[in-house]
Amino acid sequence: MKIWLDGGLRDADGARVSVFDHGLTVGDGVFETLKAVDGRAFALTRHLERLTTSARGLGLPAPDLDEVRRGCAAVLDANPMALGRLRITYTGGLSPLGSDRGDNGTTLVIALSETPRRPDTTAAVTVPWTRNERGALAGLKTTSYGENVVALARARELGASEALFANTVGALCEGTGSNVFVVLDGELHTPLLSSGCLAGITRALTVTWVGAKETDLPLDALERAEEIFLTSTLRDVQAVTRIDGRQLADGPGPVTAEAMRIFDEHAAADFDPR
């Protein structure tokens, strides 16, 4: 396995980041996960735009996107596989212990791992913890993922693959690594970005391609929803057939099935949608 680290390919066993890297010590970093199919990264341009937005929001210098593109291409070429998870990580670099950043420059790591295709259906649960829609990191894809680790572990304990959060005012927000869509009275809705959810790439494409209303939704919309589905880079569109023990259906409902069909059709026609 070959990994891109700060300007070149390295063997996985020899790719090392300092124990004083700010991404390790305080979570001072941003990242993107992309779906890679037969050596091609899906929606690369959109992901790089969001990487830059997240970096700026965290106060990091904008990444060199030419280098990131070179790194992605090199890693994909060096590690052929049918379906992979391409991970771009960009951190504050070598820094003193503590929250202050150093002046040694940033760290860029690009890695790839093989992944199976996701099932068409899954289960989800709600968790008692909230997203802070007014926090400094709201809407940024940072490496500060401790809350997600805890919530996802709770979901796994309950036989689900995703945990869904409300925000501090009780509005439906997002999952640990996904956006959520609900069907209410036959209409498709997803939470507003102002809820604090991540501006998901797959979310945005689904809103555009499938058509969905961006709506201020209370958390109990999940209890009333006729259908629920999740979107993310590796899920694409995935039906939720059980939420907090409530069985919705045995398979994707009609709105979800149509969303899956439309997304697959558009994604196949344009692998780097702008």
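Placed above this text is the structure.
Residues numbered from 1 in each chain as written. Predicted model: local features only at pLDDT ≥ 70, side-chain atom pairs only at ≥ 80, totals over all residues. Heavy atoms only, no water.

**Observations regarding the pairing of strand S10 (residues 179–184)**
What counts is decided by this rule: Partly exposed residues are those whose accessible area sits between 20% and 50% of the maximum for their type, while under 20% is buried and over 50% is exposed, using a 1.4 Å probe and protein chains only. The secondary structure listing takes helices from DSSP runs of H or I that are at least 4 residues long and strands from runs of E that are at least 2 residues long, numbered from the N terminus. A pair of strands is labelled paired if DSSP reports no fewer than 2 bridges between them.
Among the six residues that make up S10, six are buried, leaving the element largely enclosed by the rest of the structure. Summarising the sheet, S10 and strand S13 (residues 227–232) pair through five bridges and their orientation is antiparallel. Bridging across to S13, valine 180 finds its partner in leucine 230. Here three bridges tie S10 to strand S11 (residues 187–191), and the two strands are oriented antiparallel to one another. Among the inter-strand pairings, valine 183 is bridged to a residue of S11, identified as leucine 188. Counting the residues that bridge the hairpin from S10 to S11 gives two residues, and of these aspartate 185 lies at a positive phi of roughly 50°.

**Remarks on unusual backbone geometry**
Located in the positive-phi region is aspartate 185, a residue other than glycine, with phi close to 50°. Position of aspartate 185 among the secondary structure elements: in the loop between S10 and S11. Even without a glycine there, the phi angle at aspartate 236 is positive, about 55°. Tracing the sequence through the fold places aspartate 236 in strand S14 (residues 236–243).

**Thoughts on a nonpolar patch on the surface**
The line we're drawing: Each patch is assembled from residues with relative accessible area greater than 30% and no salt bridge, linking like charges that lie within 9 Å and nonpolar side chains (Val, Leu, Ile, Met, Phe, Trp, Tyr) that lie within 5 Å. Residue exposure ignores everything except the shown protein chains as possible cover, and the areas themselves are Shrake-Rupley values with a 1.4 Å probe. Every case where a carboxyl oxygen of Asp or Glu lies within 4 Å of a side-chain nitrogen of Lys or Arg is listed as a salt bridge.
A cluster of nonpolar side chains, contributed by Val19, Phe20, Leu24, Leu94 and Leu97, occupies part of the molecular surface with about 520 Å² of accessible area. Mapped onto the elements of the fold, valine 19 is located in the loop between strand S2 (8–11) and helix H1 (22–25). The exposure class assigned to valine 19 is exposed, which follows from its relative accessible area of 57%.

**Some remarks on the packing of aromatic side chains**
Under the convention used in this document: The aromatic pairing rule takes the rings of Phe, Tyr and Trp, using the six-membered ring of Trp, and pairs them if the centres are within 6.5 Å, calling planes under 30 degrees apart stacked, those over 60 edge-to-face and the rest tilted.
Using the criterion set out here, one finds five aromatic pairs in the structure. For the ring pair phenylalanine 181 and phenylalanine 229, a centre distance of 4.8 Å and an interplane angle of 15° mean the geometry is stacked. Residue phenylalanine 181 is found in strand S10, and its partner phenylalanine 229 is found in strand S13; the two are separated by 48 residues along the sequence. Residue classification places phenylalanine 229 among the buried positions, given a relative accessible area of 1%. Members of the aromatic cluster, each reached through a chain of ring pairs, are Phe42, Trp209, Phe263 and Phe271.

**Concerning the sheet that holds strand S3 (residues 29–37)**
Taken in spatial order, the six strands make up an open sheet running S2-S1-S6-S5-S3-S4, and their pairing is antiparallel. Each edge of the open sheet carries a strand with a single partner, namely S2 and strand S4 (40–41). Inspection of the sheet shows S3 paired to strand S5 (residues 83–91) by nine bridges, in the antiparallel sense. Bridge assignment links valine 30 to a residue of S5, and that residue is tyrosine 90.

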